Amino acid sequence: MTHGATSEPAASALTKTETPGASPPQGGGERSASRLVLGKLTDVHTVSLIGVLLALVVIGTITERESFLTTDNLQLVLTQASIIGVVTVGMTFVIIGGGIDLSVGAIVALASVWCTTVATQEFGFGGILFTALAVGLGCGLVNGTLIAFGPMVPFVATLAMLASARGLALQITGGSTQSVTVDSVLELSRRDNFVLGVPPLVIMFAVVVVLGWLLLTRTTFGRRTVAIGGNPEAARLAGIAVKRQRLMLYALSGLCCGIAAFMLVVLTGSGQNTNGNLYELNAIAAAIIGGTLLSGGRGTILGSVLGVLVFTTITNLFILNNLDSAAQQIAQGAIIVVAVLLQRRTATT
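Quick look at the structure, then. Along every chain, residues carry numbers that run from 1 in the direction the sequence is written. Whole-chain, interface and lining totals are the exception, using all residues; otherwise, since this is a predicted model, local features are given only for residues with pLDDT of at least 70 and side-chain atom pairs are given and counted only at 80 or more. Only hydrogens and water are set aside when side-chain values are computed; all heavy atoms of the structure are taken into account.

1. Considerations on the overall build of the protein
To keep it simple, the criterion reads: Put simply, DSSP H or I for four residues or longer makes a helix, DSSP E for two residues or longer makes a strand, and each gets a number counted from the N terminus. For each residue, the accessible area found with a 1.4 Å probe, counting protein chains only, is set against the maximum for its type, and the residue is called buried under 20%, exposed over 50%, and partly exposed in between. Any two residues having at least one pair of non-hydrogen atoms within 4.5 Å are treated as being in contact. To measure how exposed things are, a 1.4 Å probe is used in the Shrake-Rupley method; for residues, cover is taken only from the protein chains shown.
Helix and strand counts for the protein come out as 15 helices and 2 strands. Across the 349 residues in the protein, those meeting the buried criterion constitute 46%. In the protein, of all internal contacts separated by at least 6 residues, the share reaching a separation of at least 24 is 79%. When the accessible surface of the protein is summed, it comes to about 16,700 Å², and 66% of that surface belongs to carbon and sulfur atoms.

2. Observations concerning the packing of aromatic side chains
Inclusion rule: Two rings from Phe, Tyr or Trp (for Trp, the six-membered ring) form a pair when their centres are within 6.5 Å of each other. A pair whose planes differ by under 30 degrees is stacked, one over 60 is edge-to-face, and the rest are tilted.
Counted according to the given criterion, the structure contains 2 aromatic pairs. Pairing Phe93 with Phe221 gives two aromatic rings, centres 6.2 Å apart and planes at 45 degrees, and the pair type is tilted. One end of the pair, Phe93, is in helix H3 (residues 71-96); the other, Phe221, is in helix H10 (residues 220-230), with 128 residues separating them in the sequence. Residue Phe221 is classed as buried on the basis of its relative accessible area of 16%. Between Phe125 and Phe262, the aromatic rings sit 5.5 Å apart at their centres with planes inclined by 80 degrees, giving edge-to-face as the arrangement. Of this pair, Phe125 sits in helix H6 (residues 124-149) while Phe262 sits in helix H12 (residues 242-268), and the two are 137 residues apart along the sequence. Since its relative accessible area comes to 30%, Phe125 is described here as partly exposed.

3. Considerations on the packing of H3 against helix H9 (residues 200-217)
Selection rule: All axes here are fitted lines through C-alpha atoms, helices being fitted over the stretch that makes contact, and every angle between N-to-C directions spans 0 to 180 degrees. Working definition: roughly parallel below 35 degrees, roughly antiparallel above 145 degrees, roughly perpendicular at 65 to 115 degrees, and oblique for all remaining angles. Two helices that cross are described as forming a left-handed crossing if the nearer one is turned anticlockwise from the farther one by less than a right angle, and a right-handed crossing if clockwise.
At a minimum axis separation of 8 Å, H3 and H9 run at an interaxial angle of 20 degrees. Between H3 and H9, the interaxial angle falls into the category roughly parallel. Remark: the crossing between H3 and H9 carries left-handed chirality. Listed contacts from H9 to Leu78, Thr79, Ala81, Ser82, Gly85, Val86, Val89, Phe93 and Ile96 of H3 are Leu201, Val202, Phe205, Val208, Val209, Gly212, Leu215 and Leu216.

4. Describing the layout of surface pockets
Selection rule: A pocket here means an open set of points on a 1 Å grid, computed over the protein atoms alone, that has protein on both sides within 12 Å along at least five of seven lines. A cavity is instead a set of points where a 1.4 Å probe fits but cannot get out; residues with an atom within 4 Å of a point line either one. Grid points are joined across faces, edges and corners, and a volume is the space filled by probe spheres set on the points. Three classes are used: nonpolar for Ala, Val, Leu, Ile, Met, Phe, Trp, Tyr, Cys and Pro, charged for Asp, Glu, Lys and Arg, and polar for all others, with Gly counted as polar.
There is about 650 Å³ of room inside the second largest pocket. Tyr279, Asn282, Thr315, Gln328 and Gln332 are the residues nearest the centre of the second largest pocket, which is lined by 23 residues in total. Secondary-structure elements contributing two or more residues to the lining of the second largest pocket are H3, H12, helix H13 (279-289), helix H14 (301-320) and helix H15 (325-347). Across the lining of the second largest pocket, the residue classes tally to 14 nonpolar, 9 polar and no charged.

5. Points about the pattern of salt bridges
Threshold: In the sections that follow, a salt bridge refers to a side-chain nitrogen of Lys or Arg positioned within 4 Å of a carboxyl oxygen of Asp or Glu.
Tallying each qualifying case throughout the model produces 3 salt bridges. Asp72 serves as the salt-bridge partner of Arg191, at 3.2 Å between the closest nitrogen and oxygen. Placement of Arg191 in the loop between helix H8 (183-186) and H9 and of Asp72 in helix H3 is noted, with a sequence separation of 119 residues between them. The salt bridge involving Glu187 is made with Arg190; its shortest N-O contact spans 3.9 Å. On the basis of relative accessibility, which here comes to 34%, the residue Glu187 falls in the partly exposed class. Owing to a relative accessible area of 37%, Arg190 belongs among the partly exposed residues under this scheme.

6. What to know about the packing of helix H4 (residues 104-114) against H12
Axis separation between H4 and H12 bottoms out at 8 Å; the angle between their running directions is 50 degrees. Compared by their axis directions, H4 and H12 come out oblique. Seen along the crossing, H4 lies across H12 with a hand that is right-handed. Residue-level contacts link Val104, Ile107, Val108, Ala111 and Ser112 of H4 to Ser253, Cys257, Ala260, Ala261, Leu264 and Val265 of H12. For the contact of H4 with H12, the class distribution of residues is 9 nonpolar, 2 polar and no charged.

Written as structure tokens, this is what we have:
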């Protein structure tokens with residue numbers, strides 16, 4: 001089957017059909033009704049997340065009114081959310097496309113240590129940034145190739161990348177911390193470089209979010225991602241190159257990991273093989289909380305961003321109130337379970 005212009009209408013139609021293989025509708029009413037219901041559910045979910053976030057702000061204000069709403073604390077929360085948020089944007093695309101990526105944390109670690117080696121730092125700011133992006137993109141391409149053309153199950157392929165990337169990061173560092181000596185990189189985290197009180201890392205996160213939203217909702221790439229996540233076989237019959245699309249999705253996830261690695265290096269001023277610990281779990285959890293279906297075919301960038309903010313705010317509240325980290329993990333786990341149960345209930349209604 002050729003991939004000419006005639007395939008685009010068919011691919012576009014996949015994103016509008018509620019049940020592939022169903023009998024032709026009498027008119028456009030059924031499809032319009034299903035899109036309307038889905039849109040309302042998405043709106044309700046988004047409003048609910050905003051409500052949860054506001055409730056957390058109220059709780060923080062009541063329990064730690066002297067420290068929670070301070071400028072320093074809000075900047076800290078947004079900065080911490082920015083790094084995992086960039087990873088979550090890439091993860092959202094992968095999950096919507098029907099996949100999963102367990103290697104994002106390890107890729108962040110590998111990219112952060114590779115871009116902070118003495119040899120790399122000799123090339124200055126550009127060398128550090130380019131290396132972080134290249135390592136992230138390269139790892140993503142390896143994942144995508146194994147999954148799309150291997151073919152390997154995403155769980156297995158990305159699990160193998162997790163182990164390999166962690167091992168390589170440890171070998172590069174020898175277990176030690178690699179300090180950044182390039183002033184132009186370190187200056188990005190200094191307060192005098194904030195733009196109207198907003199840290200540069202938060203601005204970078206906002207740019208990634210906007211680009212991700214445009215890519216998912218306003219481009220053919222986004223429509224194809226939703227299509228292969230909803231029904232890959234129907235997408236293939238409609239003329240979509242499913243394997244190539246999956247390759248690009250994992251490459252995008254790897255690129256986001258490279259960006260996050262650079263941001264982490266800017267924030268900490270160093271590269272460590274322990275960077276990105278549990279990022280894969282946090283990113284998946286944030287995407288699920290944001291309404292992304294684990295089975296693929298549905299999700300929003302805005303929802304994932306709200307999910308990141310909810311988790312980051314919860315973590316901040318636990319720290320400010322000197323609560324045990326174990327209780328924090330239990331609370332996060334409970335939130336994930338509730339979110340999945342709500343997803344399953346919504347899918348059956």
